[in-house]
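Descriptive structure summary
Here is what each chain is made of, one letter per residue.
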Amino acid sequence: MKKSLQMASAFIGIIVGAGFASGQEILQYFTSFGIMGFVAAFISTIAFGYLGMHLTSLGSRMRTTSHKEVVYRISGKFFGRIVDGIIILTLYGVGVVMIAGAGSIFSQQFGLSAVLGSTIMAIAVIFTIMLNVQKVIAIIGGVTPFLALVIVGLAVYSFMTMDTSFEELHTIAIDQPTTLPNWWMSAINYVSFNIAVGASMAIVMGGTEKDTKIASQGGFIGGLGLGVLIIMSHFTIFSKIDDVAGVDMPMLKIMDDIHPFLGIFMSFVLFGMIYNTAVGMLFSFSARFVKMGTRKFKMFVVIVGISAYIASFVGFTKLVSLFYPIVGYLGLFLVGAIILASIKHKNGTAK
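Before going into details, it helps to say that this report is about the structure given with it. Here, residues in each chain are numbered from 1, in the same order as that chain's written sequence. It should be noted that, the model being predicted, local features are given only for residues of pLDDT at least 70 and side-chain atom pairs only at 80 or more, the latter also being counted only at that level, while totals for whole chains, interfaces and linings use all residues. As a rule here, side-chain values come from all non-hydrogen atoms in the structure, and water together with hydrogens is ignored.

Our next topic: the packing of helix α1 (residues 2–15) against helix α9 (residues 183–207). Angular values range over 0 to 180 degrees, each being the angle between N-to-C directions of two axes fitted as lines to C-alpha atoms, with helices fitted over their stretch in contact. Under the scheme used here, helices are H or I runs from DSSP no shorter than 4 residues and strands are E runs no shorter than 2 residues, and both carry numbers assigned from the N terminus. The geometry of α1 relative to α9 is characterised by a closest axis approach of 9 Å and an angle of 145° between their N-to-C directions. Regarding α1 and α9, the two cross each other, and that crossing is right-handed. The segment α1 lies against α9, with M7, A10, F11, I14 and I15 engaging N194, V197, G198, M201, A202 and M205. Looking at the contact of α1 with α9 residue by residue, the class counts come to nine nonpolar, two polar and no charged. Put simply, a crossing is left-handed when the front helix is turned counterclockwise from the back one by less than a right angle, and right-handed when it is turned clockwise. What makes two residues a contact is simply this: any of their non-hydrogen atoms within 4.5 Å. Following the grouping adopted for this structure description, the nonpolar residues are Ala, Val, Leu, Ile, Met, Phe, Trp, Tyr, Cys and Pro, the charged ones are Asp, Glu, Lys and Arg, and the polar ones are all others, Gly among them.

As a further point, take a negative patch on the surface. Like charges within 9 Å and nonpolar side chains (Val, Leu, Ile, Met, Phe, Trp, Tyr) within 5 Å are joined into patches, using only residues over 30% in relative accessible area that form no salt bridge. Throughout, the Shrake-Rupley method with a 1.4 Å probe supplies accessible areas, and for residues the shown protein chains are the sole cover considered. By definition, a salt bridge exists where a carboxyl oxygen of Asp or Glu is found within 4 Å of a side-chain nitrogen of Lys or Arg. Residues counted as positive are Lys and Arg, residues counted as negative are Asp and Glu, and His and the chain ends are not counted. Charge coordinates come from a single atom per side chain, which is NZ of Lys, CZ of Arg, CG of Asp or CD of Glu. A cluster of acidic residues, D163, E167, E168, D242 and D243, forms a negative patch at the surface. Residue position: E167 is located in helix α8 (residues 166–173). With a relative accessible area of 56%, E167 lands in the exposed category. A simple rule labels every residue: compare its accessible area, found with a 1.4 Å probe on the protein chains alone, to the largest value its type can have, and call it buried under 20%, exposed over 50%, or partly exposed in between.

This brings us to the pattern of salt bridges. Following the criterion strictly, the structure yields two salt bridges and no others. Of the charged contacts, one joins R288 and D84 as a salt bridge, the two residues approaching to 2.6 Å between their closest N and O atoms. Separated by 204 residues along the polypeptide, R288 in helix α13 (residues 260–289) and D84 in helix α5 (residues 67–110) bring together distant segments of the chain. By the burial criterion, R288 is buried, and D84 matches it. D257 is paired through a salt bridge with K253; the nearest N and O atoms lie 3.0 Å apart. You can see D257 and its partner K253 sitting in helix α12 (residues 250–258), four residues apart, about one turn around the helix. Owing to a relative accessible area of 43%, D257 belongs among the partly exposed residues under this scheme.

Here it is, written out as structure tokens:
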């Protein structure tokens, strides 16, 4: 169980980045649909548990060190190329977005240069990826509990201090801007995007575990855990929507309202979650092309890290608004392949 929980924590840590931890993703994908956002969050929870379980299980059964072998096995030669391309694009793109997000935190929260924040993040990510995969999993998983504690604490605080009716909150919430057409499509797009984000590292993590049952449990618990955090984050923002409507970082605003010191603490948590996601993305991206643990791998990591750092100067907000929705729709290819592979395995037609 200890291995499963460690894998579950790492799975959550990979997916949860700046957008989630700040509350902006939750606001756009769930809270903007008001009360129906709770239904969307519940659907996402079930889907994350199911898909997380099968991703880590696939990695364990095939004992792979890269997502490439798994993707081509479950998707076939033609669609395998499409899915592989989507994952590669997602890994690198989200890594770039995270480095840019670190710069935004330094600029917006501390009044420091965005370049400084991005530079520190890029250096930390490069050196971390040079460690072996087990150490990377431990580092990623180790930061996750801090975010979970923050979200649980905020959810309890929001419940205890909520002084506006659900009807009034719903009216304010549905006025918040979103690029998604309705609540059910939002739930699907959110799951699809995040599975595209976490698939490669989840497969690699599964590949490090010989016991498929342990790997499956880790992915399942991680998926459900992520869903629970989504539901609690949505409740927190929904219950305080009259205070956080229109702000870039709703969770940070709620923490600031409680006490400025907590706002500073939240900024460090955000930085840690960005670090988590950036490491997971660029580690998996590098493992896709070069064998882990080799000198060539380390050189490749440095090149990838520097190029991602340069690309991050496009800007955090612009990158998120352009990149995330597109990946959400493209990721449906991967989700479909995972579901099909799980059905085939259950029926005994795939190994």
